[in-house]
Structure formats: C-alpha cells, structure tokens
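What the coordinates show
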Amino acid sequence: MTEVFDPIRLQQFWPRPAKPRPIVIFGAGSIVGDAHLPAYRKAGFPVAGIFDPDLAKASALAEQWGTTAFASESEALQTAGAIFDLATPPAAHAAILSKLPEGSFALLQKPMGSNLDEATEILRLCRARGIKAAVNFQLRFAPMMLALKDAIAKGHLGEIVDFDAWLALATPWGLWPFLKGLPRIEIAMHSIHYLDVVRDLLGNPLGVHAKTIGHPNHDVAQTRTAAILDYGDRIRCALSINHDHDFGRRFQACEFRISGTNGAAYLKLGVNLDYPRGEPDELWIKTEGASDWVSVPLEGTWFPDAFANRMANLQRFASGEDDRLVGAVEDGWQTMALVEAAYQSSASPATPLSPLPKE
Ligand SMILES: NC(=O)c1ccc[n+]([C@@H]2O[C@H](COP(=O)([O-])OP(=O)(O)OC[C@H]3O[C@@H](n4cnc5c(N)ncnc54)[C@H](O)[C@@H]3O)[C@@H](O)[C@H]2O)c1
C-alpha cells in the first residue's frame, strides 16, 4: 500500500561513510573550485591534495582550500588508500586511469571520454585493472532528484508515463576554455546529465530521435537540441534545450515535468539559470486526491550537494557500507551510448515530406 505523502519524509541525502578515505583530485579547473571542494568541505571529506600539470593553478586552489598541491603526478598516485577524483577534460581520463594503482576506487567527471570509443577504452581499462570507478553524473544525486526518486519508489506518482525537460536560458560557454573548437558540445557536455537522469528513472530507451545545432550568433558547435526518447507506447519523453534564450530572465526556464498515472512532479534546476551561482532548486509534487501542488522543502541544491552525495556513495562502496556503486562505468557507458545514438540521429535525415503533387 502506498504510504501517506509527506514531503518532509522524502529521502534527499545520501548517508555519509563512517571513515571517509582521503580524496586525491586531478585537475584544478573551475568545477573543482565551484563544486568538488565546497561539497567535500561541507560533507567533512578529507582532501589529500590536488594535482594539475599547471602547478601554479593547483597551488593557488590548494592554498585557498587549505590542502596540498602535489608537485608531480607520481606523488599524487602514491597516496595510500585514496579515492581518485578525476576532474579533468574528458580526453585526459583514460591516460590517468591507466596509471592508477590496480584495484583503486575512482570517480570520473562526465562525460566518460569524448565519445563512445573513448568510453569503451575507459570501461576496458577499469575492467582490466580492477578499478572500481563511477562517473560523476551527479544530477542523479541532487537533493531534488533523490527526493523525486523516493516519491516515485513510494508510489506517489504511480507509473511514470511522461518526462519533459525544458531549457530556455543563456549558458556562459566561455567559462570552459577546453570546449573551444570541440566538435560535440551540447548533448555531450550538458544534456548528457538529463539523458543520464532519464535512464536512471526510466531505464534505457528503445532509441532516440534528435537534432542538435549551433546558433548564428556564435561558433560553439551545438547549443540547441530537440530530442525524443522512444520508450514505446506507454511513456512519452522529450527534451527541448535552448542555451541561446538570451533575452533576460523573465521567460527563461530550466525545468522537468514528470507525470505519472496518479501524480506529477515539477522540478526547477536553479544552477543553470545563473551559472555557477545559481538560483534555488525547486521540487513540487501533486499527488492523487490532493487539492494542490506541494513544495518539497529541499535541504541543499544540485551544486554542490549532489557532488557530496555522489562521493558518499563511492566512499561507502569502497568501505563496504553500500553494496551498489550507483552510476558505475558500466552504467555510464550506456549513457554515453545514448549520447552517441543522439548524435547519429542528428546527422541522419529525418523522414522527408512527400512533394506537392504536380497535377
Ligand atoms: N556538472 C558537472 O558535473 C560538470 C560541470 C562542469 C565541468 N564538468 C567536467 O569537469 C571536467 C573539468 O571541467 P572544468 O570546467 O573544471 O575545466 P577547466 O578547463 O576549468 O579545468 C580542467 C583542468 O584539468 C587540468 N588537466 C588537464 N589534464 C590533466 C591531467 N592529466 N592531470 C591533471 N589535471 C589535468 C587542466 O590543466 C585544467 O586546469 C570536464 O570533464 C567537464 O566536462 C562537469
């Protein structure tokens, strides 16, 4: 029997490990300062140090956060009992993984390599070297998403039959210099979070129809995507993503609408509306028989709390406190396969229209 809906009782926090291992971070880029380090400090996870080939950058960040900048990669690799946290550009992941001690625990920033071939190389490397690795698709672990999953698991929405993602906003792509000139941007770097969350909620789709394009006002390869994920005849799933809606805040949006057979959820993903400062996330739920939508009080936001929850599961898996590594590389590979299929679909012609009859 479905329990009575109580927004306060929804689980939106991942339990912490009893004895967290030291974290060794590779990469001293913007995401580490914006999310990894704030999350680990908030969660009380020890950071052993940071390695970046740009030693001055690593030193400045380490000093700011009261940790060590490793003088060399080999020094970073020697940290005993570490969790290796790769916050590096996707093309750098495989080379670092190939040097980690066999049997290590690692977290790889998304995407899992630049494309499906690199994801396959990463998967093979992890299997061959016994590395237990997860991909940092941390939106799954955002307080609003954990609460949503708990509400679904408790039956408050019934069978999920609809998923809509709608983004109309202005994303500051210039914040990520490593993106310059890359052939795959929007789906591979951004909507990949949504595709991963959809897979987490609904499983693998049968296939995908997608179109992803750039914008005449700039040279970022793609910034606008429309996609339909085919889940057969019971579930409708569509993503409408426009990073070029740069006309002021009033009609901008970053939201999911998830409907079930006897309830629905609305989520606002605040971070993207003013990245990386962000607005608060929101989760609203309407259950069957309720007169109105209920706002779920959230304890935390996607950035940085999801990063702490993501790391907590990996830490607890390493210590044996969790028996499942959520979003392990086997799972991450399947999100990469969905991304690959979306790019293939986008490059393929759509169903053409019949020409107007001449007579
Ligand atoms: N929501 C998210 O999960 C999220 C958000 C932003 C970025 N990212 C991902 O995080 C990664 C880093 O993004 P960023 O914005 O910090 O990029 P950035 O360009 O600001 O920083 C990347 C850093 O990695 C360093 N680096 C390169 N090769 C390295 C190596 N072999 N060892 C150690 N350091 C190395 C570079 O010197 C640079 O300082 C990317 O894969 C990106 O896709 C994820």
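Residues numbered from 1 in each chain as written. Predicted model: local features only at pLDDT ≥ 70, side-chain atom pairs only at ≥ 80, totals over all residues. Heavy atoms only, no water.

1. Thoughts on the environment of Glu288
Following the sequence through the fold, Glu288 ends up in the loop between strand E12 (282–287) and strand E13 (294–295). Spatially, the C-alpha atom of Glu288 lies 27 Å from that of Gly300, the residues being twelve residues apart in sequence. (Helix = DSSP H or I, 4+ residues; strand = E, 2+ residues; numbered from the N terminus.)

2. Details of the domain arrangement of the chain
Domain annotation of the chain identifies domain 1 (13–139 + 307–342) and domain 2 (140–302). Contacts between the two partners involve 30 residues from domain 1, matched on the other side by 31 residues from domain 2. The junction of domain 1 with domain 2 conceals about 2,600 Å² of combined surface from both sides, 64% of it contributed by carbon and sulfur atoms. Joining domain 1 to domain 2, the criterion identifies three salt bridges. (Domains from an automatic or database assignment. Contact = heavy atoms within 4.5 Å. Buried area = accessible area lost by both parts, 1.4 Å probe. Salt bridge = Lys/Arg side-chain N within 4 Å of Asp/Glu carboxyl O.)

3. Considerations on helix H5 (residues 116–129)
For H5, which comprises 14 residues, the first-to-last C-alpha distance of 20 Å matches the rise-based estimate of 20 Å (1.5 Å per residue) to within 8%. Leu116, Ala119, Thr120, Ile122, Leu123, Leu125, Cys126 and Arg129 are the residues of H5 that are buried. On its buried face, H5 is in contact with helix H4 (93–97), strand E4 (105–109), strand E5 (132–136) and helix H9 (329–347). Where H5 begins, the capping side chain belongs to Asn115, and its oxygen is found 3.2 Å from the backbone nitrogen of Asp117. (Expected span 1.5 Å × (residues − 1). Buried < 20%, exposed > 50% of the residue type's maximum accessible area, 1.4 Å probe, protein only. Polar contact = N/O pair within 3.5 Å; in protein donor to acceptor, adjacent residues only side chain to side chain.)

4. Comments concerning the pattern of salt bridges
Two side chains of opposite charge can pair, provided their charged atoms sit close to one another. Counted by the stated rule, this structure contains 22 salt bridges. With its nearest N and O atoms 3.8 Å apart, the salt bridge here joins Asp219 to Lys180. Separated by 39 residues along the polypeptide, Asp219 in the loop between strand E7 (207–213) and strand E8 (224–231) and Lys180 in the loop between strand E6 (160–168) and helix H7 (186–202) bring together distant segments of the chain. Like Asp219, the residue Lys180 is exposed in the burial classification. Here Glu279 ties to Lys268 by a salt bridge, and the two come within 2.9 Å at their closest N and O atoms. Residue Glu279 is located in the loop between strand E11 (263–268) and E12, and its partner Lys268 is located in strand E11; the two are separated by eleven residues in the primary sequence. Accessibility expressed as a relative area gives 12% for Lys268, which makes it buried. In this structure, a network of salt bridges that share partners links the residues Arg140, Lys149, Asp196, Arg199, Asp200 and Asp331.

5. Things to note about the site of the ligand
Around the ligand lies a shell of 25 residues, among which Asp52, Lys57, Thr88, Lys110 and Gln138 are the nearest. One nitrogen or oxygen atom from the side chain of Ser30 is found 2.9 Å from an oxygen atom belonging to the ligand. Within the side chain of Asp52, one N or O atom sits 2.6 Å away from an oxygen atom of the ligand. Within the complex, 87% of the 850 Å² of free accessible area of the ligand lies under protein. According to the grid-proximity analysis, the pocket containing the ligand is the largest pocket. Taken together, the elements giving at least two residues each to the shell around the ligand come down to helix H1 (30–43), H7 and helix H8 (302–319). When residues of the shell around the ligand are assigned to domains, at least three fall in each of domain 1 (13–139 + 307–342) and domain 2 (140–302). (Near = heavy atom within 4 Å. Areas by Shrake-Rupley, 256 points an atom, 1.4 Å probe, with all protein chains shown as cover. 1 Å grid on protein atoms, 1.4 Å probe; cavity = no way out; pocket = protein on both sides within 12 Å on 5 of 7 lines; lining within 4 Å. Sits in = over half its atoms within 2 Å of the grid points.)

6. Considering the layout of surface pockets
As a volume, the largest pocket reaches approximately 690 Å³. If you go around the largest pocket, you meet 31 residues; those closest to its centre are Ser30, Ile31, Lys110, Trp176 and Phe178. Put simply, the parts of the chain that give the lining of the largest pocket at least two residues each are H1, H7 and H8. The residue makeup of the lining of the largest pocket, split by class, is 18 nonpolar, ten polar and three charged. When its volume is computed, the second largest pocket comes out at roughly 230 Å³. The dominant element in the lining of the second largest pocket, judged by the number of residues it contributes, is helix H6 (residues 143–153), at four residues. Of the residues belonging to the lining of the second largest pocket, the class tally is seven nonpolar, two polar and seven charged. (Points joined across faces, edges and corners; volume = space filled by probe spheres on them. Nonpolar A, V, L, I, M, F, W, Y, C, P; charged D, E, K, R; others polar.)

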